[in-house]
Amino acid sequence: MQHVVIIGNGISGITAARHIRKLSDCKITVISGETDYFFSRTALMYVYMGHLKFEHTKPYEDWFWEKNRIELKRAWVKTIDFEEKKLYFRIPNEDDKEAKIGGSISYDKLILALGSTPNKFGWKGQNLRGVQGLYSYQDLESLQEITPKINHAVIVGGGLIGVELAEMLHSKGIKVTFLVRESSFWNAIMPSEESNLIAKHIAENHIKLQFSSELEEIIGDENNQVKAIKTKSGEIIDCQFVGLTVGVSPNINFLKLPQGNMIGREKPAFILGVGGLKLNRGILVNEYLETNLPDIYAIGDCVEHENPPKDRKNLEQIWYTGRIMGETVARTICGKPTKYQPGMFFNSAKFFDIEYQTYGQVPNILSEDFKTFYWEHSSGKICVRINYEANRKAVTGVNTFGIRMRHEVWDEWISTKKTIEYVLENLPKANFDPEFFKQYEAEIMEKYNQETGSNLKLKSKKGIFSKIF
Amino acid sequence: MIQKLGLIIFIAAFGLFVGTLGMNDYVLTNKILEKNVKADQLVDAQKQFASMFNKNYSSLFAFAYDLTSGTNTLNNTYDAQQAWDKKYFEDTILAIVKDSANGYLVENKEIMFLLTFGLAILGAFLLIIPEVRKLAGIKNNGIYFNPAMNRKWLGVLIGTFLILFYVALYFKPQYIANWIMIVDPVSRLINGGEASRWFMYGFLYTISVLIMGIRFIIKYRHSKYQVIRTLSIMFFQTCIAFILPEIMSNLNLPSADLKNMWPLDYSFFFNYRLDKLIAGGTFGIFLLVWGIVLFVVGVPVMVYFFGKRWYCSWVCGCGGLAETLGDPFRQLSDKSLKAWKIERYLIHGVLAFAIIMTIGVLYTYFTGNYNLLGFIPTESLKSTYGFLIGSIFSGVVGTGFYPLMGNRVWCRFGCPLAAYLGIIQRFKSKFRITTNGGQCISCGNCSTHCEMGIDVRAYAQKGQDIVRSSCVGCGVCSAVCPRGVLNLENAATGTRIMIAPDILLGNEMLK
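Residues numbered from 1 in each chain as written. Chains lettered and ligands numbered in written order. Predicted model: local features only at pLDDT ≥ 70, side-chain atom pairs only at ≥ 80, totals over all residues. Heavy atoms only, no water.

Under an unreviewed UniProt entry, the name given to chain B is 4Fe-4S ferredoxin-type domain-containing protein, and the source organism is Emticicia aquatica.

Per an unreviewed UniProt entry, chain A is named Coenzyme A disulfide reductase, and its organism is Emticicia aquatica. Per UniProt, chain A has the following entry under Cofactor (unreviewed entry): "FAD". The UniProt entry for chain A carries the following text under Sequence similarities (unreviewed entry): "Belongs to the FAD-dependent oxidoreductase family." (UniProt positions renumbered as here; feature names shortened; annotations may be inferred.)

**Q** Please set out the environment of B:Arg426 residue by residue, giving values where relevant.
**A** Structurally, the position occupied by B:Arg426 is in helix α21 (residues 416-427). Sequence separation between B:Arg426 and B:Ser469 is 43 residues; the distance between their C-alpha atoms is 4.8 Å. (Helix = DSSP H or I, 4+ residues; strand = E, 2+ residues; numbered from the N terminus.)

**Q** Explain the domain arrangement of chain B to me, and be specific about the residues and the numbers.
**A** Its domain assignment divides chain B into domain 1 (25-102), domain 2 (144-423) and domain 3 (424-495). Each of domain 1 of chain B and domain 3 of chain B has a C-alpha centre, and the two are 56 Å apart. (Domains from an automatic or database assignment.)

**Q** Which residues make up the interface of chain B and chain A, and what are the values?
**A** Listed per partner, the contact involves 62 residues of chain B and 65 residues of chain A. Surface buried jointly by chain B and chain A totals about 5200 Å² across both partners, of which 50% is contributed by carbon and sulfur atoms. Ionic pairing is found between A:Asp353 and B:Lys139, a salt bridge with its closest N-O pair at 2.9 Å. Between chain B and chain A we count 35 residue pairs in polar contact (both at pLDDT 80 or more) in total. Per element, the largest residue contribution to the side of chain B that touches chain A is five residues, and it comes from strand β7 (residues 486-490) of chain B. (Contact = heavy atoms within 4.5 Å. Buried area = accessible area lost by both parts, 1.4 Å probe. Salt bridge = Lys/Arg side-chain N within 4 Å of Asp/Glu carboxyl O. Polar contact = N/O pair within 3.5 Å; in protein donor to acceptor, adjacent residues only side chain to side chain.)

**Q** So what about the packing of helix α1 (residues 2-19) of chain B against helix α7 (residues 109-128) of chain B? Which residues, and what values?
**A** Between two packed helices, what matters for the description is the angle formed by their axes and the separation of those axes. Residue and element names in this part refer to chain B. Put simply, α1 and α7 touch, their axes get as near as 7 Å, and they point 155° apart. Taken together, α1 and α7 sit at an angle that is classed as roughly antiparallel. Pair α1 / α7 crosses with left-handed handedness. In contact with Ile 2, Gln 3, Leu 5, Gly 6, Leu 7, Ile 9, Phe 10, Ala 13, Leu 16 and Phe 17 of α1, α7 contributes Met 112, Leu 115, Thr 116, Phe 117, Leu 119, Ala 120, Leu 122, Gly 123, Ala 124, Leu 126 and Leu 127. Within the contact of α1 with α7, the residues separate by chemical class into 17 nonpolar, four polar and no charged. (Axes fitted to C-alpha atoms, helices over the stretch in contact; angles between N-to-C directions. Parallel < 35°, antiparallel > 145°, perpendicular 65-115°, else oblique. Left-handed = near helix turned anticlockwise from the far one by under 90°. Nonpolar A, V, L, I, M, F, W, Y, C, P; charged D, E, K, R; others polar.)

**Q** Lay out the pairing of strand β11 (residues 175-179) of chain A with the relevant residues and their values.
**A** Residues and elements named next belong to chain A. Here β11 lies mainly inside the structure; four of its five residues are buried. Pairing of strand β10 (residues 152-156) with β11 involves five bridges; the strand directions are parallel. Along β11, the bridge assignment pairs Val 156 with Leu 179. Between β11 and its parallel partner strand β12 (residues 208-210), the chain crosses via helix α6 (residues 192-204), and the hand of that crossover is right-handed. (Buried < 20%, exposed > 50% of the residue type's maximum accessible area, 1.4 Å probe, protein only. Pairing = 2+ DSSP bridges. Right-handed = clockwise from strand over helix to strand, strands pointing away.)

**Q** Go over α7(B), please, and point to the residues and values.
**A** Residues and elements named next belong to chain B. Look at α7: 27 Å from first C-alpha to last across 20 residues, which is about the 28 Å you get at 1.5 Å a residue. All buried positions along α7 are accounted for by Lys 109, Met 112, Phe 113, Thr 116, Phe 117, Ala 120, Gly 123, Ala 124 and Ile 128. Where the residues of α7 are buried, they touch α1, α6 (104-107), α9 (177-182), α10 (184-191) and α11 (197-219). (Expected span 1.5 Å × (residues − 1).)

**Q** Pulling in residues and values, what's your account of the sheet that holds strand β4 (residues 77-81) of chain A?
**A** Residue and element names in this part refer to chain A. Taking strand neighbours across the sheet as the criterion, the three strands line up as β4-β5-β6 in an open arrangement whose pairing is antiparallel. Two strands lie at the open edges of the sheet, namely β4 and β6 (104-106), each paired on one side alone. Between one strand axis and the next, the sheet turns through 20° on average, direction left out of account. Note: β4 against strand β5 (residues 86-89), four bridges, orientation antiparallel. Each residue of the ladder has a partner; that of Asp 81, found in β5, is Lys 86.

Quick look at the structure:
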């Protein structure tokens, strides 16, 4: 019986394990040093805010694993011997109560689902007490320990985790200053209107947003505890906590050799890590999620695609892509080599009270081949952006804030290249808001008609519910 | 600041309310006995209670205790003599206690009402209304740090209070006679008479639904579904369940809670109620027909179109209390597979019990024979059901366990009507909770805040619709979902996705 070992019990690793179990009878072991059981990383914020208890973030009851013959091992992997097909566990030192005994385990096939770690860009003071990111269970624990004693926090980096951290701290009555390097919020991803909409809502929650503001250094006191930060413009902000949310990087440090063997002269395309594993920013994989070593696969946040699918980035650290990679690699491992084909892009988030969903491609800056249509409600909290091809008018992507939309409907509209007119006429079909919610499709249509001089009318209604009445 | 003041006022008023049980003096006189006991009980009663006559009790508890022991002794004698019609019931004992009471409370019921109920309501509003200042949206911050909402000391305390309250209300109302007297002014206003224990309970129930309903509306004011649904609950409890029956009886009509139906209303087919309806002329017959049509036609038709939510979370009184007073405790329901198993045995067991009991009662009603099939004693079937299910399960456990097992203990594990609605919802209904493609992030908010203990996430993360007999359609899973994944919908019955797809939407790998 083959032994498949998976390092990492996050959404990628666990999805792979579940699907391998569905497709085969092989022995499966999942290793994690972080927690005993799979939990939803995205829900850590709700544990901190008291919406949930940690146990609620576990998507499967504890008996599930034994029933499905998925062995769980709690340990940190120290290194991997790719020749011998063996993993070695870290021997815990005395302060490290989390890790269990050392030892080793052999595998026939190995899936690396190592996840990522919060970025630290070598700032002075970045390792002081009270400076941290928000990624792991251990980060949550440290946050819970530190923050009851503080009254002012600085968050560095304007992205999703930053907003979540701001909301978390705000829920405990902690004053938050949010340093954003860019001139508006998350504008590496968001078009400016959406970026401003989010920024307004963040400010409405009494978070102090400081744009075009970069961290210079973090200043500590005599106890190595953070007491202030200094920005590049020289401003000093007193604080007892610094949240570093400037993105994440693949968690591959333990696979790197002390001096990575540089391949090529100037800009190396990759380095060779432990056992000759090809690494760059992440673990390099081909379309089949195979690494350059036989029987070694990589999925999830730690992956860098050598040939990413069309319209996709080579690093895409999203819950959903991790899950899709897990589903895909399970097929390959179980004897049916399958390419990673994530289909139409989608993502979602919640900024304090405003929900956001996106389907297809909505870049922050549009190229000339595309046009965009944007509607915003007078409340400034609801908006819809639809992008479409300039010549054929086929829709290519949508951003929706404050209106829930159907994944399935947008998936079909975008992949079958429906025109912007068709989409607007049928927009209620995509509406996924609860019953009785106010609908804005007519207003959205009106704006389009005004802008383009068209005279389109709504052709469909929302769901069956409207048909009954 | 205002909220703190509100809390202080509320606690003070509640403390005073509990304290009223220590008020008044109690003196039993022969006259009071004569007024409250039947002629054939009087001689025995005078002999039994002679030692209590004209003795001044300063404690309600001591007085009610002596009185109850006395009636117990008498009841034992009557049992031995098989003179069951002479036996004492709680309401007689309660009436004697009330007549024997004198003191500040008796003379100043209005003031005491204002100081207890009035101040408690004021305090509650001061606590609740300022929440409007927060931005609209899901604000479940800190519920798991709150000792009341996390099965900690305060939750246990509240649960204990509720359990004791229900035990007293159902079985020993004489010990809470003063609470019943406090609402006399309201009762007089509405029906001209003194408050019965059921009036007191109905009043308390209704103001709980109203005040906590307002709290719920403020909490979920960004969701029109929640606002309208809660207004519906508040309307049905206040107008249909509380006021309308009072008006009916004021007009000397047979009174009924028009929205309550068999088998939740398990005594609907009891002989005394059937007799009363039949004696009530056209209106009585209308009520009888209405009550039958409601569960024979109303339930299947409405559940087919809308799911059981049309009743359980929009109309029902038990559901109404759970959704309002019980909302702070919704997260405490057990989501495990084991709990689901127990739930299915229990609730369908109760439904079977209710059906057999009712068949027995009707059999006896029409044939005069007290043994169904020759060996099932219908009277004890009836009284066992009334005691175990009607009082203990639905009241003491159903509400008393809110802070311990969540706010839908009765609806989930016990209600026979919910079981009946649920069977139709599961097998023949347009209703489902739709999962939005592949957007679920398994965060667990939906499951945690499901009052019925459904592991919503287990379905959502597999891309499966949620079709469960127990779902009452409260819509909170959809409200707390941070990614817009869940939606309550009605569509063609065959379109419910009951089997999880192999892979979720968003993965286009070749098959």
